[in-house]
Amino acid sequence: MKKLYDKSKKGTIILSRHRSGGTQLKLIISNVLRANDMGELDFDLETTDLKKDFYSKLSEDSYSVTLVNNPIVISWINNNKDVFEYLEKNFHIVGLKRKDNVKCLLSLGLWERLIASGLFESYDLWTKENMEQFHKSVTENLLPPKEVGIGYRSIVESNHHSHHNHLHQIVKIYLDELSVLETLCSRFEVDMIHYEDYEFNKKFLVDYFPNICDAKKTIEDTYLGKIPYVSSDYLVYYEDSVRKILKSWGVTSD
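Nothing here was measured: the structure is a model prediction, and the numbers come from that model. (Residues numbered from 1 in each chain as written. Predicted model: local features only at pLDDT ≥ 70, side-chain atom pairs only at ≥ 80, totals over all residues. Heavy atoms only, no water.)

1. Quick notes on the nonpolar core
Membership of the largest hydrophobic core comes to 29 residues, with the highest contact counts inside it found for Leu105, Leu106, Phe134, Val148, Tyr229, Val242 and Leu246. Among the elements that make up this core, the one with the highest residue count is helix H5 (residues 101-117) (six residues). Those residues in contact with leucine 106, other than ones at most four positions away along the chain, are Val148, Tyr234, Leu235, Tyr238, Val242 and Leu246. Within the second largest apolar cluster, 24 residues are counted, among which are Leu4, Val32, Tyr63 and Tyr223. (Core = buried A, V, L, I, M, F, W, Y, C linked by side-chain atoms within 4.5 Å. Buried < 20%, exposed > 50% of the residue type's maximum accessible area, 1.4 Å probe, protein only. Helix = DSSP H or I, 4+ residues; strand = E, 2+ residues; numbered from the N terminus. Contact = heavy atoms within 4.5 Å.)

2. What to know about H5
With 17 residues, H5 extends 25 Å between its outermost C-alpha atoms, agreeing within 8% with the 24 Å of an ideal straight helix rising 1.5 Å per residue. Listed as buried for H5 are Val102, Lys103, Cys104, Leu105, Leu106, Ser107, Leu108, Gly109, Leu110, Arg113 and Leu114. For H5, the secondary structure elements touched by its buried residues are helix H6 (128-140), helix H8 (163-188) and helix H11 (240-248). In the stretch just after H5, glycine 118 is the one whose phi turns positive, near 90°. (Expected span 1.5 Å × (residues − 1).)

3. Focus on the sheet that holds strand S1 (residues 11-15)
The strand order across the open sheet formed by five strands is S2-S3-S1-S4-S5, and the pairing between neighbours is parallel. Of all strands in the sheet, those bounded by a partner on one side alone are strand S2 (36-40) and strand S5 (191-194). Neighbour to neighbour, the strand axes of the sheet diverge by 20° on average, direction disregarded. Two strands pair when backbone bridges link them, and S2 and strand S3 (residues 64-68) are joined in this way by three bridges, in the parallel orientation. Bridging across to S3, aspartate 37 finds its partner in valine 65. Sitting on the sheet, helix H1 (residues 22-33) touches S1, S2, S3 and strand S4 (91-97), and the angle it makes with S3 is about 175°. (Pairing = 2+ DSSP bridges. Axes fitted to C-alpha atoms, helices over the stretch in contact; angles between N-to-C directions.)

4. Concerning unusual backbone geometry
Its identity is not glycine, yet arginine 19 carries a phi of approximately 65°, on the positive side. If you trace the backbone, arginine 19 turns up in the loop between S1 and H1.

5. Thoughts on the environment of tyrosine 55
Positionally, tyrosine 55 belongs in helix H2 (residues 50-56). Using a relative accessible area of 29% as the deciding quantity, one classes tyrosine 55 as partly exposed. Discounting chain neighbours no more than four positions away, the residues touching tyrosine 55 are Asp82, Val83 and Tyr86.

6. Remarks on the side chain of aspartate 53
Within the secondary structure, aspartate 53 is located in helix H2. A distance of 3.3 Å separates polar atoms of two side chains, one belonging to aspartate 53 and the other to lysine 57. (Polar contact = N/O pair within 3.5 Å; in protein donor to acceptor, adjacent residues only side chain to side chain.)

7. Points about the pairing of S3
Of all five residues making up S3, five are buried, and the element is well covered by its neighbours. Alternating residues of S3 divide into Ser64, Thr66 and Val68 and Val65 and Leu67, and every residue in both groups is buried. Bridge count for S1 against S3 is five bridges, and the pairing is parallel. Residue pairing across strands places threonine 12 opposite valine 65, the latter belonging to S3. This β-α-β element, S2 to H2 to S3, shows right-handed connectivity. (Right-handed = clockwise from strand over helix to strand, strands pointing away.)

8. Concerning the environment of glutamate 147
Positionally, glutamate 147 belongs in the loop between H6 and helix H7 (155-158). Separated by 35 residues in sequence, glutamate 147 and glutamate 112 have C-alpha atoms that sit 9.1 Å apart. Other than its neighbours up to four places away in sequence, glutamate 147 contacts Gly109, Arg113 and Tyr238.

It is worth stressing that arrangement in space is one thing and function is another; only the former is reported here.
Structural data, given as structure tokens:
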């Protein structure tokens, strides 16, 4: 069976990308094991010594769980043999992917629109009536291609391109980043988990924590943060040109 942790090592590192369920998986592992939640490992790109920055963020004395989902960090690890060997020796590495590339690309823009609406402030606001009103407001004011993001402020997102130019470049970057992530996971020979396996199935990960009596309840508690959008087809929230561009790249067949 696949493993999510190895107590003989310093901790678990989840290799993933933004909008792929990594925050919940990190929370599940750290909460069930009562381990240190180290959050997401990002770089201070103003520094010139990335190795110093990297190692300082992994210097925990007790078991820790770290999410590495920033593509810049992923590429940097993949290109540094000594860093790769250090992680391979000292950490249990888990790979996490989202099968649905459309949701991976479109969920950020929709989430940011939810934040702007004020509904993200509390789970209590996610009533059926409020979510239906949010659905109506977004479908009446669809998200343009420029609001498709990849989870961090890339160079292309900082430039003033046309909406279509922006999205073509975003999809290209996204697909390139997936390839690097898959290469790194293959090099580590990791156990690969798919977000869809546990996205709505609260029982899926329970067996990964044998002999931990409160694992089931701890895992179930992490599902409070699932946003109950009216439609599971995120394309309905975007302008039609988004569908056409994603189809032209082979990301969707619709």
